[in-house]
Amino acid sequence: MGMSMGQTGGRGGRGHRRRGRHHALVSEINVTPFVDVMLVLLIIFMVAAPLLTVGVPIELPETQARALNAETQPITVSVNQEGQIFLQETEITLEEIVPKLQAIAQTGYEERIFVRGDRAADYGTVMRVMARISSAGYRNLGLVTLQEQDS
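About the cut-offs
Residues numbered from 1 in each chain as written. Predicted model: local features only at pLDDT ≥ 70, side-chain atom pairs only at ≥ 80, totals over all residues. Heavy atoms only, no water. Buried < 20%, exposed > 50% of the residue type's maximum accessible area, 1.4 Å probe, protein only. Helix = DSSP H or I, 4+ residues; strand = E, 2+ residues; numbered from the N terminus. Arc of directions from axis to C-beta. Contact = heavy atoms within 4.5 Å. Pairing = 2+ DSSP bridges. Axes fitted to C-alpha atoms, helices over the stretch in contact; angles between N-to-C directions.

Caption draft 1: Just helix α2 (residues 97–106), in detail. Along α2, the residues classified as buried are Ile97, Val98 and Leu101. Along α2, the residues classed as buried sweep out an arc of 85 degrees about the axis, all on the same side. Check the buried side of α2 and you find it contacts β2 (75–79), β3 (85–87), β4 (90–92), β5 (113–117) and α3 (123–135).

Caption draft 2: Summary view of the sheet that holds β5. Taking strand neighbours across the sheet as the criterion, the 5 strands line up as β4-β3-β2-β5-β6 in an open arrangement whose pairing is mixed. Every other strand in the sheet has two partners, leaving β4 and β6 (141–143) as the edge strands with one partner each. Across the sheet, the mean angle from the axis of one strand to that of its neighbour is 30 degrees, orientation sign disregarded.

Caption draft 3: Region of the structure containing the pairing of β5. Most of β5 is tucked away, with 5 of its 5 residues classed as buried. Judged by which residues are buried, β5 turns out to be covered on both faces: Ile113, Val115 and Gly117 on one side and Phe114 and Arg116 on the other are all buried. Inspection of the sheet shows β2 paired to β5 by 5 bridges, in the parallel sense. By the bridge assignment for β5, Val77 is matched with Val115.

Following this line, the structure appears as structure tokens:
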């Protein structure tokens with residue numbers, strides 16, 4: 001039943017210390033976990049990025065006009081069904097349009113501004129928005145519509 005706690009194996013006993021073999025710390029970085037984490041983050045951002053650019057949900061009217069090719073991210077002013085005004089995805093008031101667009105103009109933006117109006121939005125509200133944009137110094141305005149589907 002009892003066990004002898006004497007010397008073990010050929011190591012020289014209890015009090016034997018390993019002399020002459022000092023293990024130095026490894027100062028190299030293990031890159032594999034870092035790469036794994038970065039790839040997971042990359043996949044998360046690739047999936048999440050399109051979900052962040054949804055915009056203001058409005059129902060656009062349909063026309064027979066062709067789609068425009070745009071290389072840069074355009075400035076979009078939207079008017080929804082309730083008459084709320086959005087600059088990109090941020091809700092603003094009619095009085096805020098001119099100062100915000102003038103601040104954007106100071107950064108050198110000279111591209112077309114797109115106006116998106118819900119088909120149920122008040123026509124007068126959309127026209128007031130366009131007049132404010134024009135008074136901010138922007139002359140290159142575009143109305144956004146959907147292409148008509150052939151039935």
